[in-house]
Amino acid sequence: MSFVLVVDAEQRPLSPTHPGHARKLLSRGKAAVWRRYPFTIILKTVVPPAQPASLRLKIDPGSKTTGIALVNDTTGQVVWAAELAHRGQQVTERLAQRRACRRSRCQRHTRYRPARFDNRRRREGWLPPSLESRIANVLTWVERLRRWCPIGALSLELVKFDTQLMQDAEISGVEYQHGELAGYEVKEYLLEKWGRRCAYCGATDRPLQVEHIAPQVRHGSDRVSNLALACRDCNDAKGKRTAEEFWYPQTQAQARQPLRDAAAVNVTRWALYHRLMALGLPLETGTGGRTKWNRTRRGLPKTHWLDAACVGASTPEPLRVHGIAPLAMRATGRHSRQMCRTNAAGFPDKAPKATSVVDGFRTGDMVRAVVPATSTKAGVYVGQIAIRATGFCNLTTTTGTVQGIHVRYCQPLHRGDGYAYATGVALPPQA
Ligand SMILES: [Zn+2]
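In what follows, the accompanying structure is described.

Rules of the game
Residues numbered from 1 in each chain as written. Predicted model: local features only at pLDDT ≥ 70, side-chain atom pairs only at ≥ 80, totals over all residues. Heavy atoms only, no water. Donors = N, O, S within 2.8 Å, 3.2 Å for Na, K, Ca; no water. Tetrahedral: all angles 85-135°; square planar, octahedral: opposite > 155°, others 65-115°. Buried < 20%, exposed > 50% of the residue type's maximum accessible area, 1.4 Å probe, protein only. Helix = DSSP H or I, 4+ residues; strand = E, 2+ residues; numbered from the N terminus. Pairing = 2+ DSSP bridges. Patch = residues over 30% accessible without salt bridge, like charges linked within 9 Å, V, L, I, M, F, W, Y side chains within 5 Å. Areas by Shrake-Rupley, 256 points an atom, 1.4 Å probe, with all protein chains shown as cover. Salt bridge = Lys/Arg side-chain N within 4 Å of Asp/Glu carboxyl O. Lys, Arg positive; Asp, Glu negative; His and termini not counted. Charge placed at Lys NZ, Arg CZ, Asp CG, Glu CD. Axes fitted to C-alpha atoms, helices over the stretch in contact; angles between N-to-C directions. Contact = heavy atoms within 4.5 Å. Parallel < 35°, antiparallel > 145°, perpendicular 65-115°, else oblique. Left-handed = near helix turned anticlockwise from the far one by under 90°. Nonpolar A, V, L, I, M, F, W, Y, C, P; charged D, E, K, R; others polar. Arc of directions from axis to C-beta. Core = buried A, V, L, I, M, F, W, Y, C linked by side-chain atoms within 4.5 Å.

## Observations concerning the coordination of the zinc ion
Here comes step 1: On the protein side, the zinc ion has C198 (SG), C201 (SG), C231 (SG) and C234 (SG) as donor atoms, found 2.2 to 2.4 Å from it.
Here comes step 2: In this structure, the zinc ion is surrounded by four donor atoms whose angles at the metal cover 103 to 116°, and the resulting shape is tetrahedral.
Here comes step 3: In primary sequence terms, the donor set of the zinc ion follows C-x2-C-x29-C-x2-C.
Here comes step 4: For C231, a relative accessible area of 0% translates into the label buried.

Okay, here's the thing in structure tokens:
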């Protein structure tokens, strides 16, 4: 189980505590539940917070899911972890829908509207809304976690590989060796350079090996300019031949071209970097190669939250992850503001959504529903509620959506805050 976050009576963050200790505090009446997700308790006394703040918040931003881990650098304990699912795709779809709806206006006989396609300026640093929402999700969670636990530093995976090291690698020849940090950086670089596909058959769906264009047995060097990625079949078929002899002169030519810097730049991550810098906390950055190296050396499986825990050079040598279950969080948005909904063909023909509040429950709240045996829906459900004006609502649980649960069977667990939550699965103990 993850540790329990603690705030004192004045809502100042204290060090997270073991769940057993938190249970004792709760049962003796010394604390109360402050938040359900992430589980936070509030003490009934004022406690001076420890100085300096001891935890490091580590972030591995992804396009669909961002891994988050809170790590105690001195003890190596991962205190809390989460996987944050973004809604970039949903934002894109909604905007396309709005665009289609507005565009169809010119076919309809509405009032005259002057053309206004050319009267907007984009401000400096503008990002598409789908990317902006990912950054906003991460910043929201950095700010929230700072309120509930003492965070003294941040770590962010910023780039896939060390660009400076790679420039050296192409020019002066840093040599590839598997199992070393530089080896992992080189592998990430090669993945980027060869587009994550086999340089010979173009396969993307199988493991790729680092392959020597002029083979090692014929004294081909370990320099990056002599390396490509190949699937096992192609690597075996090529054998002792060079790429040219294997009838792939273009691979041989491409290998000599260093990867342009621009290809390695990720706009979203840099924007996130600049906004995290503005928070004023010490910010460490790491490469994807370093993350993978840290994780592989510690024998940890690939998950978003473990990647986050392994970001950067500060990663403690023994990383204690036993029993930590990441909190699954999904950005959901906060209900529809559409004033006129459309039919399946995109034609505006419906009134805005009916009320999103019934009996004190609001769409997005986490609830626990106990439906009695007399009902066809008998059972206990925990999930996010979608309000229907009739009172018979939908519950989105971890296994799917259940329809027609009446609000009278529901108890509030957690008020909607733009995210849906589910507790993850704990890792098996470390070998
Ligand atoms: Zn292949």
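## A short note on the pairing of strand β11 (residues 283-287)
Here comes step 1: The buried fraction of β11 amounts to four of the five residues, a majority that puts the element mostly inside the structure.
Here comes step 2: Pairing of strand β8 (residues 151-159) with β11 involves five bridges; the strand directions are parallel. The residue of β11 that forms the bridge with E157 is G286.

## Some thoughts on a positive patch on the surface
Here comes step 1: Where like charges cluster on the molecular surface, the positive patch consists of R98, R99, R102, R103, R111, R113, R116 and R120.
Here comes step 2: With respect to the helices and strands, the residue R113 is situated in the loop between α2 (88-103) and α3 (129-148).
Here comes step 3: For R113, a relative accessible area of 37% corresponds to the partly exposed category.

## A closer look at the pattern of salt bridges
Here comes step 1: Counted by the stated rule, this structure contains 22 salt bridges.
Here comes step 2: Between D233 and R206 there is a salt bridge, with the nearest N and O atoms lying 3.7 Å from each other. Placement of the pair is D233 in helix α6 (residues 232-238) and R206 in the loop between α5 (181-193) and β9 (208-212), with a sequence separation of 27 residues.
Here comes step 3: Exposure remark for R206: the relative accessible area of 35% places this residue in the partly exposed category.
Here comes step 4: Ionic pairing is found between E317 and R297, a salt bridge with its closest N-O pair at 3.6 Å.

## Points about the sheet that holds β11
Here comes step 1: Reading across from one edge, β11-β8-β5-β6-β7-β12-β22 is the order of the seven strands in this open sheet, with mixed pairing throughout. For this open sheet the edge positions go to β11 and β22 (419-423), each flanked by a neighbour on one side alone. Each strand axis lies, on average, 20° off the axis of its neighbour in the sheet, ignoring direction.
Here comes step 2: Summarising the sheet, strand β5 (residues 55-60) and β8 pair through five bridges and their orientation is parallel. The partner of K58 across the bridge, within β8, is S155.
Here comes step 3: Across the face of the sheet, α3 comes into contact with β5, β6 (65-72), β7 (78-85), β8, β12 (327-331) and β22 while running at roughly 65° to β22.
Here comes step 4: Sheet strands in contact with helix α9 (residues 288-297) are β8 and β11, and its direction is about 80° off that of β11.

## Points about the packing of α5 against α9
Here comes step 1: Here α5 crosses α9 at 130°, and the two axes come no closer than 8 Å. Taken together, α5 and α9 sit at an angle that is classed as oblique. Between α5 and α9 the crossing geometry is right-handed. Residues L181, Y184, E185, E188 and L191 of α5 touch α9, and the partners they reach there are G288, G289, R290, K292, W293 and T296.
Here comes step 2: The residue inventory of the contact of α5 with α9, partitioned by class, reads four nonpolar, three polar and four charged.

## Quick notes on the sheet that holds strand β19 (residues 392-397)
Remark on secondary structure: sheet strands pair via backbone hydrogen bonds, oriented parallel or antiparallel.
Here comes step 1: Spatially, β20-β19-β18-β17-β21 is the arrangement adopted by the five strands of the open sheet, whose pairing is antiparallel. The open sheet is flanked by β20 (400-406) and β21 (410-414), the only strands paired with a single partner. Each strand axis lies, on average, 45° off the axis of its neighbour in the sheet, ignoring direction.

## A word on the environment of W293
Here comes step 1: Relative to the helices and strands, W293 is located in helix α9.
Here comes step 2: When neighbours within four sequence positions are excluded, W293 is seen to be in contact with G179, E180, L181 and Y184.

## Here's the deal with helix α7 (residues 249-256)
Here comes step 1: Those residues of α7 not exposed but buried are T251, Q252 and A255. The buried side chains of α7 occupy one side of the element, clustering within an arc of 100° when seen end-on.
Here comes step 2: Of the surrounding secondary structure, the elements contacted by the buried residues of α7 are α5.

## With respect to the packing of α2 against α3
Here comes step 1: Two elements in contact, α2 and α3, have axes whose closest approach is 8 Å; the angle formed by their N-to-C orientations is 145°. Between α2 and α3 the crossing geometry is right-handed. Contacts from G88, V91, T92 and L95 of α2 reach α3 at P129, S130, S133 and R134.

## Remarks on the nonpolar core
Here comes step 1: Core analysis: the largest hydrophobic core is formed by 41 residues, its most contacted members being L57, I68, W141, L145 and L276.
Here comes step 2: Considering every element that reaches this core, the biggest residue donor is α3, with eight residues.
Here comes step 3: Ignoring any residue separated from it by four or fewer positions in sequence, one finds L57 in contact with I68, A69, L70, V142, L145, I151, A153, L154 and S155.
Here comes step 4: Counting 25 residues, the second largest nonpolar core, distinct from the first, contains C198, I213, C231 and C234.

Read these as layout, nothing more, since geometry by itself doesn't imply function.
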